[in-house]
Amino acid sequence: MLSVVRTVQGDIDPSQLGPTDSHEHLFFVTPLQPGDEFADVDRAIEEAQTLVDAGARTMVDWTPLDLGRDPQGLLRVSEATGLQVVAATGVHRDAHYPADHPLRAETADALARRFVADIEGPGVRSGVIKIGASYHRLQPFEQKAFAAAVEAHQRTGVPLCVHTEHGTMGLGIVEHLRRLGVAPGSVILAHLDRNPDPVEHGETGASGAWLQLDGPGRAKYWPDSTVLQLISDLADRGLSKQLLLGGDTGRSSMMRAYGGGPGLDYVFARFKPRLERELGRELSQLIFVENPARAFAFDPRFNSGCPR
Ligand SMILES: [Zn+2]
């Protein structure tokens, strides 16, 4: 099986991914965060360069449709910095879209066609499909988005990247997607460290789904020590080969180029060295290199309009 990771500059062999930040945003605009928007390409280049300087080779951008998603902007960042960038298509959880937003009126089939077009081109291609769940439940718009994402996944093979609200419903999401025909190995669950419970996520991980933590530097929720302890506990449960890590910089106030902090490079410049000191380089190599190379890889055999 020939698998690839789809970056904004084209498909690459998964072994070329290198040290990877599995969840970030270079552009994000949502009515949920007034005053915290960021959509400037030059400042994105400035931030991305700090991530490269801190040792990252690849970054996955999780910004979905109509929330500032800018594939051309990501391409410019990638060309200016050499950072390999994976773009997302898909939609976020319900609350990010106003009641009269046109995406809400689309059928699941229409959404799926839109996702597939973003993945297969023409133009800058996306390499993951983002979907979102609400706190402990899936709202009707989210259920439609899940159905559309499954259809697009089955046609293209790209992985599904799922926002969990406060780390809830991980196993419920995996089971819902499995009933719709998606293997847990194609499901990446974000923000699980918002609910730093190793037993809960251990049960989810037993399904084979990817467990992503992305709270380093978010001291207003938990100190980094809590995130490290969760990583350690999940590794002890045999899940070290399913862990992914990102910084999830979703606000301009988190970017130094916009006058905020701790900056896009925090995960690589600060958290990764600490993880290596406290939990060892072997685990770091899995979380930052080997796991992303498997999680974001897919077999593109269904592309270019081939029937399933
Ligand atoms: Zn995010």
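Scoring rules and cut-offs
Every chain's residues receive numbers from 1 upward, in the order its sequence appears when written. It should be noted that, the model being predicted, local features are given only for residues of pLDDT at least 70 and side-chain atom pairs only at 80 or more, the latter also being counted only at that level, while totals for whole chains, interfaces and linings use all residues. A fitted line through C-alpha atoms serves as each axis, taken over the contacting stretch for helices, and the angle formed by two N-to-C directions is quoted from 0 to 180°. Strands are runs of DSSP state E lasting at least two residues, helices are runs of H or I lasting at least four, and both sets are numbered from the N terminus onward. The scheme is simple: roughly parallel for angles under 35 degrees, roughly antiparallel for over 145, roughly perpendicular for 65 to 115, oblique for anything else. Crossings are sorted by hand: turned counterclockwise from the far helix by less than a right angle, the near helix makes the crossing left-handed, and turned clockwise it makes it right-handed. Residues are scored as being in contact if the C-beta atoms we place from backbone atoms lie within 7 Å. Each residue receives one of three labels: charged for Asp, Glu, Lys and Arg, nonpolar for Ala, Val, Leu, Ile, Met, Phe, Trp, Tyr, Cys and Pro, and polar for the others, Gly being one of them. At least two bridges found by DSSP between two strands is the condition for calling them paired. Each residue is classed by its C-beta neighbour count within 10 Å, where at least 20 other C-beta atoms makes it buried, 12 or fewer makes it exposed, and intermediate counts make it partly exposed; the C-beta atoms are placed from backbone geometry. Handedness of a crossover: with both strands directed away from the viewer, a clockwise path from the first strand across the helix to the second marks it as right-handed.

(A) Main features of the packing of helix α3 (residues 108-120) against helix α4 (residues 140-156). Look at α3 against α4: their axes get within 8 Å of each other, and the N-to-C directions meet at 45°. Considered as vectors, α3 and α4 are oriented oblique to each other. Crossing of α3 against α4: the hand is right-handed. When α3 is examined against α4, the residues Ala108, Leu111, Ala112, Phe115, Val116, Ile119 and Glu120 are found in contact with a partner set consisting of Lys144, Ala145, Ala147, Ala148, Ala149, Glu151, Ala152, Arg155 and Thr156. For the contact of α3 with α4, a count of residues per class yields 11 nonpolar, 1 polar and 4 charged.

(B) Structural detail: the sheet that holds strand β9 (residues 187-190). The sheet built from 6 strands is open, its strands ordered β6-β7-β8-β9-β10-β11 with parallel pairing. At either margin of the open sheet sits one strand with a lone partner, and together these are β6 (88-90) and β11 (243-245). Strand-to-strand twist across the sheet, computed as the mean angle between neighbouring axes with direction ignored, equals 30°. Bridge count between strand β8 (residues 160-163) and β9: 4 bridges; the pairing is parallel. Each residue of the ladder has a partner; that of histidine 163, found in β9, is alanine 190. In this fold helix α5 (residues 170-179) packs onto β8 and β9, with an angle of close to 155° to the strand it touches most, β9.

(C) Region of the structure containing the pairing of strand β3 (residues 20-24). Counting buried residues along β3, 5 of its 5 residues qualify, which places the element largely inside the surrounding structure. Crossover handedness for the path β3 to helix α1 (residues 41-53) to strand β4 (residues 58-61): right-handed.

(D) Examining unusual backbone geometry more closely. At the junction of glycine 121 and proline 122, the peptide bond is cis and its omega measures out at 10° in the coordinates. Among the structural elements, proline 122 can be located in the loop between α3 and β7 (128-132). Here the amide bond leading from glycine 261 into proline 262 is cis, since omega sits at 10°, within 30 degrees of zero. One non-glycine residue, histidine 191, adopts positive backbone phi at about 65°. Along the chain, the position of histidine 191 falls in the loop between β9 and α6 (198-205). Note on histidine 191: 22 C-beta atoms within 10 Å, which makes it buried. For aspartate 248, which is not glycine, the phi torsion reads 50° and is therefore positive. Its place among the elements puts aspartate 248 in the loop between β11 and α8 (266-279).

(E) Quick peek at the pairing of β4. Of the two faces of β4, the one carrying Thr58 and Val60 and the one carrying Met59 and Asp61 are both buried. Note that β3 and β4 share 3 bridges and pair parallel. Looking across to β4, one finds that threonine 20 is bridged to threonine 58. Relative to strand β5 (residues 84-86), β4 runs parallel, the two being bridged by 3 bridges. Bridging from a neighbouring strand, threonine 58 pairs with glutamine 84 of β5. In the classification by handedness, the crossover that spans β4, the intervening helix α2 (residues 71-81) and the parallel β5 is right-handed.

(F) Up close: the environment of leucine 192. Tracing the sequence through the fold places leucine 192 in the loop between β9 and α6. Residue classification places leucine 192 among the buried positions, given that 28 C-beta atoms sit within 10 Å. Considering only alpha carbons, one finds leucine 192 and proline 300, 108 residues apart in sequence, at a separation of 29 Å. Apart from residues no more than four positions distant in its own chain, leucine 192 is found in contact with Thr164, Gly167, Gly170, His201, Leu211, Gln212 and Leu213.

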